[in-house]
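# Summary of structural features
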Amino acid sequence: MNADILFTNISQLVTPIGAGARGGKQQAELQITPNAAFAVQDGLIAWVGRQNDWTGTAREVKDLGGCAVVPGLIDPHTHAVWAGNRLADFEARASGMQYEEILRLGGGIRSSIRDTSAASLEQLVDLALPRLLALQSSGATTIEVKSGYGFSLEAELRCLEAIKILQSKLQAHLEPTLLIHVPPQNASERPAYLEMVCLELIPQAKPLVKAVDVFIEREAFNLLETRRILETAQNHGLAVKLHADQFHCVGGLELGVELGALSVDHLEVSGQPQIALIAKSQTIATILPGVTLHLGLPVAPARALLEAGAAVAIGTDLNPGSSPVFSSQMALALGVRLNRLTPAEALVACTVNAAAALGLPNRGRLEVGCVADALVLYSSNWLELAYLLGVNPVKTILIAGQEVL
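First, a word on what this report is: a plain description of the structure on this page. (Residues numbered from 1 in each chain as written. Predicted model: local features only at pLDDT ≥ 70, side-chain atom pairs only at ≥ 80, totals over all residues. Heavy atoms only, no water.)

### A closer look at the packing of aromatic side chains
Test applied: Under the pairing criterion, centres of Phe, Tyr and Trp rings, with the six-membered ring standing for Trp, must be within 6.5 Å; the plane angle then separates stacked pairs below 30 degrees from edge-to-face pairs above 60, leaving the rest tilted. Secondary structure elements are defined from DSSP: runs of H or I of at least 4 residues count as helices, runs of E of at least 2 residues count as strands, and each element is numbered from the N terminus. Three labels apply to residues, based on accessible area from a 1.4 Å probe with only protein chains included: buried if under 20% of the type maximum, exposed if over 50%, partly exposed otherwise in between. A positively charged side chain is recorded as over a ring if its NZ (Lys) or CZ (Arg) lies within 6 Å of the ring centre. The angle to the ring normal must also be within 35 degrees.
Across all of its chains, the model carries 3 aromatic pairs by this definition. Each ring, one from Phe 7 and one from Phe 38, has its centre 4.8 Å from the other, and the planes form 25 degrees; the classification is stacked. With a gap of 31 residues between them, Phe 7 in strand β1 (residues 2-15) and Phe 38 in strand β2 (residues 31-41) connect regions that are remote in the sequence. Assigned by exposure class, Phe 7 and Phe 38 land together as buried. Against the face of Trp 82 rests Arg 131, its NZ or CZ located 3.5 Å from the ring centre.

### Structural notes on the nonpolar core
Our working rule: Here, nonpolar core means buried Ala, Val, Leu, Ile, Met, Phe, Trp, Tyr and Cys residues that are tied together by side-chain atoms lying within 4.5 Å of each other. Between two residues, a contact is recorded if the distance between any of their heavy atoms is within 4.5 Å.
Among the nonpolar cores identified, the biggest contains 103 residues, and Leu 132, Leu 178, Ile 180, Ile 229, Leu 305 and Leu 347 are the most heavily contacted of them. No other element matches helix α6 (residues 190-205), which puts 8 residues into this core. The contacts of Leu 347, once residues within four sequence positions are left out, are Val 14, Leu 30, Val 70, Leu 73, Leu 332, Trp 382 and Leu 385. Judged by nonpolar contacts, the second largest core, of 16 residues, contains Ile 5, Ile 10, Val 40 and Ala 374.

### Regarding the pairing of strand β4 (residues 57-71)
Heads up, the rule is: DSSP bridges decide pairing: two strands pair if at least two such bridges lie between them.
Pairing between β1 and β4: 8 bridges, direction parallel. Considered in β4, the bridge of Ile 10 is made with Cys 67. Bridging between β4 and strand β13 (residues 374-377) involves 3 bridges; their strand directions are antiparallel. Among the inter-strand pairings, Pro 71 is bridged to a residue of β13, identified as Ala 374.

### A word on the side chain of Asp 213
With respect to the secondary-structure elements, Asp 213 resides in strand β8 (residues 211-215). Taking relative accessible area as the criterion, Asp 213 reaches 0% and is therefore assigned buried.

### Things to note about the sheet that holds strand β10 (residues 263-266)
Definition in use: The convention used is that axes are lines fitted to C-alpha atoms, helices contributing only their stretch in contact, and that angles between N-to-C directions extend from 0 to 180 degrees.
With parallel pairing, the 8 strands of this open sheet are ordered in space as β5-β6-β7-β8-β9-β10-β11-β12. For this open sheet the edge positions go to β5 (73-75) and β12 (312-314), each flanked by a neighbour on one side alone. Geometrically, the sheet is characterised by an average inter-axis angle of 25 degrees between neighbouring strands, direction not taken into account. For β10 and strand β11 (residues 284-287), the ladder comprises 3 bridges, and the chain directions are parallel. Along β11, the bridge assignment pairs Val 264 with Ala 285.

### Structural notes on the sheet that holds strand β14 (residues 394-399)
Sheet architecture is open: 7 strands sit in the order β3-β2-β1-β4-β13-β14-β15, paired in mixed fashion. Of all the strands in the sheet, the pair left with one neighbour each is β3 (44-50) and β15 (402-403). With 4 bridges joining them, β13 and β14 adopt antiparallel strand pairing. What sits directly across from Leu 377, in β14, is Val 394.

### Notes on helix α5 (residues 153-167)
Note the following rule: One less than the residue count of a helix, multiplied by 1.5 Å, gives the span that helix is expected to have.
Under the 1.5 Å per step criterion, the end-to-end length of α5 is 22 Å for 15 residues, consistent within 8% with the ideal 21 Å. All of the buried residues along α5 are Leu 153, Ala 155, Glu 156, Leu 157, Cys 159, Leu 160, Ala 162, Ile 163 and Leu 166. Looking at the buried positions of α5, the neighbouring elements they touch are α3 (109-117), α4 (121-137), β6 (140-146), β7 (173-180) and α6.

### Notes on the packing of α5 against α6
Quick reminder of the rule: Any angle that is under 35 degrees is reported as roughly parallel, and any over 145 degrees as roughly antiparallel; angles of 65 to 115 degrees are reported as roughly perpendicular and all others as oblique. With the far helix as reference, a near helix turned anticlockwise by less than a right angle produces a left-handed crossing, and one turned clockwise produces a right-handed crossing. Under the scheme applied, nonpolar residues are Ala, Val, Leu, Ile, Met, Phe, Trp, Tyr, Cys and Pro; charged residues are Asp, Glu, Lys and Arg; polar residues are all the others, including Gly.
The geometry of α5 relative to α6 is characterised by a closest axis approach of 10 Å and an angle of 25 degrees between their N-to-C directions. In terms of orientation, α5 lies roughly parallel with respect to α6. Judged by the sense of rotation from one axis to the other, the crossing of α5 with α6 is right-handed. Contacts between α5 and α6 involve Leu 153, Glu 156, Leu 157 and Leu 160 from the first element and Met 196, Glu 200, Leu 201, Gln 204 and Ala 205 from the second. Residues belonging to the contact of α5 with α6 are distributed by class as follows: 6 nonpolar, 1 polar and 2 charged.

### What to know about the pattern of salt bridges
Filter applied, for reference: Think of a salt bridge as a Lys or Arg side-chain nitrogen and an Asp or Glu carboxyl oxygen that are within 4 Å of each other.
Summed over the entire model, instances satisfying the criterion amount to 14 salt bridges. Between Arg 190 and Glu 225 there is a salt bridge; the shortest N-O distance is 2.7 Å. One end of the pair, Arg 190, is in helix α6; the other, Glu 225, is in helix α7 (residues 223-235), with 35 residues separating them in the sequence. On the accessibility criterion, Glu 225 (11% relative accessible area) is buried. Salt bridges sharing common partners tie together Glu 144, Lys 146, Asp 213 and Lys 241.

This is the structure we're talking about:
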């Protein structure tokens with residue numbers, strides 16, 4: 001076997017096993033290979049195993065110094081493109097005002113919409129780039145990026161164009177998503193806005209995205225509106241996903257499962273009926289522990305989801321209002337502390353399950369044929385990835401086999 005590069009002297013090579021999401025008890029299963037090595041050819045993993053079992057030749061050999069190696073992390077839920085800030089909201093919440101009340105009064109998401117819609121394409125790119133670089137440096141090698149703060153046709157398309165430009169400025173892979181975030185505050189304007197989304201925005205956004213997301217809540221879109229938006233997206237060949245069960249159960253999870261959504265995200269208030277339903281489906285349950293930390297919301301029921309057999313993913317939900325979390329490693333660590341996942345379950349949630357939540361079957365694993373995205377840790381023990389807080393445990397990031405500079 002010939003390879004471009006062989007990475008050697010790995011104390012532990014840790015990976016989920018096999019393609020597809022892992023749910024229930026399988027989410028705790030990892031393959032840990034001691035004294036390991038792996039070979040990369042054309043950006044893909046060509047061989048992996050114990051170092052002494054390698055019999056091929058490589059143009060370059062890279063000694064990793066006895067460190068542990070895990071797959072690159074995948075962040076399946078971010079809102080990295082925005083302008084302005086939400087510091088006034090932060091102060092209001094610290095004084096006791098609830099998030100939904102802030103939104104109802106024109107703050108929250110609507111505040112970010114006002115600032116984002118007024119920003120130029122260049123400004124949006126300049127603002128988002130350091131956020132995405134922070135995620136990348138924390139270990140995220142694949143990052144989903146949503147629009148959603150543009151609101152109008154022109155501003156939403158501008159946000160998506162910004163994501164396209166940002167891809168050329170990062171080594172991490174970006175997955176763009178069109179998010180239909182909130183309806184007009186004036187109820188009389190909702191029908192016309194829905195028409196614009198379905199007849200103009202989704203068709204024009206189609207070349208720029210792979211999926212459409214909708215925020216379904218009492219203060220956002222209702223069930224009938226959400227169904228129409230998502231069915232329109234599917235009619236245009238796009239995947240669908242939802243923000244659901246964050247504050248109230250209003251049928252969003254059920255709709256997501258019915259439509260075969262890639263993922264349903266948040267789930268802080270999901271009860272046993274919702275848990276049982278998603279556990280029987282192929283839809284990924286994506287939890288966002290940064291929101292629990294920042295807003296003080298109930299903890300998404302990750303343990304109950306796993307016990308029912310669901311596949312759980314973790315995202316940062318990086319955004320200016322409810323989760324200013326700029327580290328995928330921190331989201332993983334919070335999933336252990338707040339959501340009661342084991343380190344192994346959290347690693348699977350941030351790798352192969354997050355990949356499934358984005359429809360990416362060849363990422364999130366260190367197996368032959370997968371994209372060679374990997375993290376070299378400072379430690380010889382991979383558990384430090386979940387253990388450390390406030391310091392980055394990632395020494396070196398490899399994307400398609402190339403070191404991120």
